[in-house]
Amino acid sequence: MNFTLTEEQEMIKQAARDFAHSELLPGVIERDETQQFPSEQVKKMGELGFMGMMVDPEYGGSGLDTLSYVLTMEELSKIDASSSVIMSVNNSLVCWGVETFGSKQQKEKYLKKLASGEIIGAFCLSEPEAGSDATSQKTTAIDKGDHYVLNGTKNWITNGNSASVYLVIAQTNIEKGYKGINALIIEKGMPGFEIGPKENKLGIRGSDTHSLIFNDVIVPKENRIGDDGFGFKFAMKTLAGGRIGIAAQALGIAAGAYELAKKYSKERRAFGKEIANHQAIAFKLADMHTQIQAARLLVYKAATDKDMGNDYDLSGAMAKLYASQVAMETTVEAVQIFGGNGFVKEYHVERMMRDAKITQIYEGTSEIQKMVISRSILKN
């Protein structure tokens, strides 16, 4: 498979890299420290077309392929994983879900604003007792004829307070099990919809993560995505694409930490020479580079499968599993190469190490990715 980038893809990659260095790098440490949502940066991402990269231009998107999206995610994540996860959720979970499965009315009403970055969205699946297990939804959406009555709590919701549109997975018919689950579009400000306190997180502290509480929220039937009972399939198909975005984020975190460690190793001297010339450091860099390149190929393969219309459940899960492992291992080694300086915030790699951990957790933990992979390889 040929992964040589086209001229357009190279331009997109460079534009993303330039934006990351000029707009995301300034203040990134302070935003992490104070848990400040990057409002101005997200607005500029929307102006550049980064918030709806794969959406058809008819609905305000950039109309680009998944590989271009992955390239952008990697470059932004090298600098600021908090900003990239905001973009990832809006693109691969919210915009893709509405464009692929939403009605014409839903696309006109919500997708255009989401794709342009005028508003941002959130994907609401996880609950206190049901993380990535969409079959165990406790949130209910009781059918009342022309509307649903929504009750329940969602946890760990990225863009929880900053979003204007929320895709909420809820159980309508318990007797039907997963076939009784629906996906509903909820708007911020609907009566009975409350946003809980902001989570104080280890990493990606610039993104806002909240619990959401629904108390007898009236949701019009026109806000249901797909047919009655389609919610479980909607969640699974949407999460499969979301894994590719998070794999690209993990790849970017790893690559960013590697670039910083490589540069530092050529500047820092010990025992009469640059530490890059000590075999112990040189071998670390060799391992990091090799693992990152392998992760990049897996991520590109998953993106290409999606673009070609192939099944990408397996390739997406493999990319997410491996890239997140590489992100964690690479950032730990980067801190080691920096030594005491790696433990200090101004050198960035300690933040990258904290950010890397979440890539092994959200969009399904590493254990869930292994379940997806094993089921796929053992069914034939």
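Our subject is the structure listed above.
This structure is a prediction, so every number in the text was calculated from the model and none was measured.

What counts, and at which threshold
- Residues numbered from 1 in each chain as written.
- Predicted model: local features only at pLDDT ≥ 70, side-chain atom pairs only at ≥ 80, totals over all residues.
- Heavy atoms only, no water.
- Helix = DSSP H or I, 4+ residues; strand = E, 2+ residues; numbered from the N terminus.
- Rg over C-alpha atoms; globule rule 2.2 N^0.38 Å.
- Buried < 20%, exposed > 50% of the residue type's maximum accessible area, 1.4 Å probe, protein only.
- Contact = heavy atoms within 4.5 Å.
- Salt bridge = Lys/Arg side-chain N within 4 Å of Asp/Glu carboxyl O.
- Axes fitted to C-alpha atoms, helices over the stretch in contact; angles between N-to-C directions.
- Parallel < 35°, antiparallel > 145°, perpendicular 65-115°, else oblique.
- Left-handed = near helix turned anticlockwise from the far one by under 90°.
- Expected span 1.5 Å × (residues − 1).
- Arc of directions from axis to C-beta.
- Core = buried A, V, L, I, M, F, W, Y, C linked by side-chain atoms within 4.5 Å.

Caption draft 1: Examining the overall build of the protein chain more closely. Along the protein chain, the regular secondary structure elements total eleven helices and nine strands. Against the globule reference of 21 Å for 380 residues, the protein chain gives a C-alpha radius of gyration of 21 Å, in line with a compact fold. By its C-alpha atoms, the protein chain is 80 × 50 × 40 Å across when sized along the principal axes. Here the protein chain, with 380 residues, has 55% of them falling under the buried criterion. Put simply, 74% of the contacts in the protein chain that link residues at least 6 apart link residues at least 24 apart.

Caption draft 2: Fine view of the pattern of salt bridges. The final tally for this structure, using the stated rule, is 21 salt bridges. Between Glu-23 and Lys-44 there is a salt bridge, with the nearest N and O atoms lying 2.9 Å from each other. Taken together, the residues span a long stretch of sequence, with Glu-23 in helix α1 (residues 7-24) and Lys-44 in helix α3 (residues 39-47) at a distance of 21 residues. For Glu-23, a relative accessible area of 25% translates into the label partly exposed. Between Lys-104 and Glu-108 there is a salt bridge whose closest N-O contact spans 3.9 Å. Of this pair, Lys-104 and Glu-108 both sit in helix α6 (residues 104-116), four residues apart, roughly one helical turn.

Caption draft 3: A look at the packing of α1 against helix α4 (residues 66-79). Close contact between α1 and α4 brings their axes to 8 Å; oriented N to C, the two are set at 25 degrees. On the basis of the axis angle, α1 is roughly parallel to α4. Crossing hand, α1 versus α4: right-handed. Seen from α1, the contacting residues are Gln-9, Ile-12, Lys-13, Ala-16, Arg-17, Phe-19, Ala-20, His-21 and Leu-24; seen from α4, they are Leu-67, Ser-68, Leu-71, Thr-72, Glu-75, Leu-76, Lys-78 and Ile-79.

Caption draft 4: Region of the structure containing unusual backbone geometry. Despite not being glycine, Gln-35 has its phi angle at roughly 55 degrees, a positive value. Among the structural elements, Gln-35 can be located in the loop between α2 (28-34) and α3. Phi at Asp-216 is positive, roughly 55 degrees, even though this residue is not glycine. Here Asp-216 lies in strand β7 (residues 209-220).

Caption draft 5: Broad picture of α1. Between the first and last C-alpha of α1 there are 25 Å, a value that for 18 residues agrees with the 26 Å anticipated at 1.5 Å per step. Where α1 is concerned, the buried positions are Gln-9, Ile-12, Ala-16, Phe-19, Ala-20 and Leu-24. Along α1, the residues classed as buried sweep out an arc of 100 degrees about the axis, all on the same side. Relative to its buried face, α1 has exposed residues pointing more than 90 degrees away, namely Glu-7 and Met-11. The secondary structure elements touched by the buried residues of α1 are α2, α3, α4 and α5 (81-101).

Caption draft 6: Helix α7 (residues 231-267), seen in detail. Taking 1.5 Å as the rise per residue, α7 with 37 residues should run 54 Å; its terminal C-alpha atoms sit 54 Å apart, in good agreement. For α7, a buried count of 28 out of 37 residues is recorded, marking the element as mostly surrounded by other parts of the structure.

Caption draft 7: Quick peek at the nonpolar core. Of all hydrophobic cores here, the largest spans 84 residues; its most connected members are Leu-76, Met-87, Leu-150, Tyr-166 and Ile-186. Among the elements that take part in this core, α7 stands out by supplying 14 residues, more than any other. Those residues within four positions of Tyr-166 in sequence are excluded, and the remaining contacts are Ala-122, Cys-124, Asn-159, Gly-160, Asn-161, Leu-184, Ile-185, Ile-186, Lys-188, Phe-193, Ile-195 and Leu-212. Formed by 27 residues, the second largest nonpolar core is a distinct cluster that contains Val-55, Tyr-59, Val-89 and Leu-125.

It is worth stressing that arrangement in space is one thing and function is another; only the former is reported here.
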